[in-house]
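Inside the fold
What follows is each chain in one-letter form.
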Amino acid sequence: MKKNLIVLLATVSFVACNTIDKKSDDGKNRDAFLKDSIAMAEKLKVMDDTANYTTLQWLDSTSMDLGTVKEGAPVEVSYRFTNTGDKPLVIANVTASCGCTVPEKPEEPIAPGKQGTIKAKFDSKGRKGTNNKVITVDANTKPSRTYELKFKVEVKE
């Protein structure tokens with residue numbers, strides 16, 4: 001009996017979570033979801049096919065010392081790059097070493113010869129002392145797919 005009840009609750013939860021309220025969005029959420037799903041599938045295809053790999057050159061240092069800031073002050077950092085290859089550059093994923101740093105990446109592919117920027121915002125609140133942060137970039141590049149962008153900031157009272 002308990003097993004049947006658990007299966008029934010799980011089924012109801014699954015159906016409820018996957019139901020789109022047609023009155024509230026007229027299918028807009030579904031269309032956006034499908035568009036995002038297609039875009040993600042295309043990115044994954046590019047990332048898995050080494051024939052679509054390109055090269056990039058960092059225009060800024062990949063390791064920066066941002067000096068000293070007062071605690072609570074927002075800190076912004078950016079790393080510029082150029083697609084030096086002959087295929088579109090896809091930045092598939094950008095992650096930070098902790099939740100105090102929020103990275104941003106270009107959503108559209110970067111054409112050959114064009115520039116792009118990886119940006120990040122660091123929240124210095126409660127981060128007194130020396131902070132060494134790492135942003136990891138995953139792209140369709142050779143000879144390596146991953147890059148580490150680093151910055152250091154000293155947070156004072």
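In case you missed it, the structure is sitting above this.
Quick look at the structure, then. All figures in this text were calculated on a predicted structure; none of them were measured in a lab. (Residues numbered from 1 in each chain as written. Predicted model: local features only at pLDDT ≥ 70, side-chain atom pairs only at ≥ 80, totals over all residues. Heavy atoms only, no water.)

Re the overall build of the protein chain
Looking only at helices and strands, the protein chain has 3 helices and 8 strands in total. Across the protein chain, helices and strands are ordered from the amino to the carboxyl terminus as α-α-α-β-β-β-β-β-β-β-β. Within the protein chain, the fraction of its 157 residues that count as buried is 28%. For the protein chain, the proportion of contacts with a sequence separation of at least 24, taken over those separated by at least 6, is 66%. (Helix = DSSP H or I, 4+ residues; strand = E, 2+ residues; numbered from the N terminus. Buried < 20%, exposed > 50% of the residue type's maximum accessible area, 1.4 Å probe, protein only. Contact = heavy atoms within 4.5 Å.)

Notes on the sheet that holds strand 2 (residues 63-70)
An order of 2-8-7-4 is seen for the 4 strands of this open sheet, with the pairing classed as mixed. Edge strands, defined here as strands with exactly one partner in the open sheet, are strand 2 and strand 4 (91-96). The sheet shows a mean angle of 20 degrees between the axes of neighbouring strands, taken without regard to direction. Bridge count between strand 2 and strand 8 (residues 146-156): 6 bridges; the pairing is parallel. Across the sheet, the residue bridging to Met-64 is Phe-151, located in strand 8. (Pairing = 2+ DSSP bridges. Axes fitted to C-alpha atoms, helices over the stretch in contact; angles between N-to-C directions.)

A few points about the sheet that holds strand 1 (residues 56-58)
Strands sit in the order 1-3-6-5 across an open sheet of 4 strands; the sheet is antiparallel. Here the strands that pair on one side only, and so sit at the sheet edges, are strand 1 and strand 5 (101-104). Here the strands of the sheet are splayed against their neighbours by 25 degrees on average, with no regard to which way each runs. By the bridge criterion, 4 bridges tie strand 5 to strand 6 (residues 115-123) in an arrangement that is antiparallel.

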